There are 2 protein chains.
Amino acid sequence: MSTIRTIAFDGDDTLWHSESYFEATHAQFRALLAPHVAGEVIDRTLIETESRNLRLFGYGVKGYVLSMIETAIELTEGRIPAADIRTLLDFGKTMLDHPVELIDGVIGVLDALGDRYRLMVITKGDLFHQETKVARSGIAERFDRIEIVAEKDEATYRRILSRVSEAPDRFLMVGNSMRSDILPVLDLGGQAVHVPYRITWAHEEAAEPRHKPPGFYAIGDIAELPGLLALIDGAAA
Amino acid sequence: MSTIRTIAFDGDDTLWHSESYFEATHAQFRALLAPHVAGEVIDRTLIETESRNLRLFGYGVKGYVLSMIETAIELTEGRIPAADIRTLLDFGKTMLDHPVELIDGVIGVLDALGDRYRLMVITKGDLFHQETKVARSGIAERFDRIEIVAEKDEATYRRILSRVSEAPDRFLMVGNSMRSDILPVLDLGGQAVHVPYRITWAHEEAAEPRHKPPGFYAIGDIAELPGLLALIDGAAA
């Protein structure tokens, strides 16, 4: 195994909190519809609506708000008052306008790794909102490159590595989503470190590889990353 | 003036139709609200809402739909039925799902220029929808590179040119928006060809430069581009 040269971090729920805002909004959405529908029906229908709309909307807050509105109208058979739909619009604006809150330990990790590796962000979702978040994060200048992509699959990673002239076996991806951050990078011949977040969005769920393939690592906290890299690079040297 | 080496095309309303779908949807939106409000009030309020939301939503269909819903609730003082809001959601889905219709003459232009220049697309807006449009356009493989950006300002063009190692004076941008495609490229020392579309979105309006700066050209139809380039390159040779 070669020595790692480039480390890329996922953004949402790896460098900064994201899913927790969706979770909080979801609780407010449930409360708003509580007079009309049971909570489990709300949860199930919203996930179904989001899945159906993903093909047209892609990822991000704006599509989420449109799916909430669609779900609310469907579940109340059109009885939801316009004032409540206005409230859903405001939920979305609050999410989009929220300050970026870094995950504990991120700054220390970037301090520890910045001199020894080329650091990148590879984040998925709405281009405009992701750029806003990167700008507000205060850590943009720590990275050589920031890539915002619509989908994180093997082809996307291959294209990015080709653009930065990096070999897959010198590349390591760090992220919270097995489906988007880990599995496609391993398939490409790269290495990947899974750092789970407290919550995983239903659409990002994927099982851990049953037999740990070479290049797959899992840690419980991003602060453990520098220690893990010392081990990996020590073993490769 | 140096010989042109890289030509970049704007996407929406330069390579393919876009604003005409917004225009058609806007007419349907007006018709939907006609029982409640006068047409001029609808037009003015929607533009105001869009302008106010641009900072949070960025460009694209999803933000447009959210602004239509907000406008409809505001102008009817909450009296709009949920079924009509459901119709606005469907307008958005129809726009997102629409086949990509190339502007007349585009294929001939790409045929004429593909062997002699490095061709790119630099398009602004929703990442997911723009990628879908590029894929559906059938012309993606004609371009060396496709850049989807959140905002087209001088810094954006500078970053792209640096990534492709191109000098500004060897770069020419083709597009319908003075504000996004022409002025920032001229400011950077590049050349730019304005090809107006039938309709210009209010937010993209900007005056033509009063004294034509060097490197600024305007044609009425994209089919005139190969002829113009022959003149430009002839003059530079």
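Right above here is the structure, for reference.
Read on for an overview of the structure.

1. Overview of the interface of chain A and chain B
And step 1. Taken together, the 35 residues of chain A in the interface contact 35 residues of chain B.
And step 2. Overall, the association of chain A and chain B removes approximately 3200 Å² of surface from exposure, summing both partners, and the carbon and sulfur fraction of that is 64%.
And step 3. Taken as a group, Leu56(A), Lys62(A) and Phe128(A) account for 20% of the area that chain A buries against chain B, more than any other trio of residues on that side.
And step 4. Linking Arg86(A) and Glu70(B) is a salt bridge whose minimum nitrogen-to-oxygen distance equals 3.5 Å.
And step 5. Mapped by element, the contributors of at least two residues to the side of chain A that touches chain B are α2 (39-57), α3 (61-75), α4 (82-97), α6 (127-137) and β3 (145-149) of chain A.

2. Digging into the side chain of Glu147(B)
And step 1. As for its position among the elements, Glu147(B) is in strand β3 (residues 145-149).
And step 2. At 2.8 Å, the side chain of Glu147(B) and the side chain of Arg145(B) are in polar contact.
And step 3. Beyond its immediate sequence surroundings of up to four residues, Glu147(B) is in contact with Arg163(A), Met120(B), Val121(B), Ile122(B), Thr123(B) and Ile160(B).

3. Side note on the sheet that holds strand β4 (residues 171-175) of chain A
Neighbouring strands of a sheet are bound in pairs by backbone hydrogen bonds; such pairs are parallel or else antiparallel.
Residue and element names in this part refer to chain A.
And step 1. Read from one edge to the other, the open sheet built from six strands follows the order β3-β2-β1-β4-β5-β6, with strand pairing classed as parallel. A single partner strand is all that each edge strand has here, and the edge strands are β3 and β6 (216-218). Recorded for the sheet is a direction-independent mean angle of 20° between the axes of neighbouring strands.
And step 2. The pairing of β4 with strand β5 (residues 191-194) spans four bridges and is parallel. Looking at the pairing, Gly175 lines up with His194 of β5.

4. Comments concerning the packing of aromatic side chains
And step 1. All told, the structure shown has six aromatic pairs over all chains when counted by the stated rule.
And step 2. Here the aromatic rings of Phe9(A) and Phe143(A) are separated by 6.2 Å at their centres, their planes lie at 70°, and the arrangement is edge-to-face. Here the residue Phe9(A) occupies a position in strand β1 (residues 6-9), and Phe143(A) occupies one in the loop between α6 and β3, the gap between them amounting to 134 residues. The pair Phe9(A) / Phe143(A) is uniform in exposure class, with both members buried.
And step 3. Note on Tyr157(B) and Phe171(B): the rings are 6.5 Å apart at their centroids and 50° apart in plane angle, and the pair reads as tilted.

5. Regarding the pairing of β1(A)
All names here are of chain A.
And step 1. Burial along β1 is two-sided: the face carrying Thr6 and Ala8 and the face carrying Ile7 and Phe9 are both buried.
And step 2. Sheet analysis places β1 next to strand β2 (residues 118-124), joined by four bridges and oriented parallel. Note on β2: the bridge partner recorded for Ala8 is Met120.
And step 3. Judged from the four bridges that link them, β1 and β4 form a sheet pairing that is parallel. The residue of β4 that forms the bridge with Thr6 is Phe171.

Conventions used here
- Residues numbered from 1 in each chain as written.
- Chains lettered and ligands numbered in written order.
- Predicted model: local features only at pLDDT ≥ 70, side-chain atom pairs only at ≥ 80, totals over all residues.
- Heavy atoms only, no water.
- Contact = heavy atoms within 4.5 Å.
- Buried area = accessible area lost by both parts, 1.4 Å probe.
- Salt bridge = Lys/Arg side-chain N within 4 Å of Asp/Glu carboxyl O.
- Helix = DSSP H or I, 4+ residues; strand = E, 2+ residues; numbered from the N terminus.
- Polar contact = N/O pair within 3.5 Å; in protein donor to acceptor, adjacent residues only side chain to side chain.
- Pairing = 2+ DSSP bridges.
- Axes fitted to C-alpha atoms, helices over the stretch in contact; angles between N-to-C directions.
- Phe/Tyr/Trp six-rings, centres within 6.5 Å; stacked < 30°, edge-to-face > 60°.
- Buried < 20%, exposed > 50% of the residue type's maximum accessible area, 1.4 Å probe, protein only.

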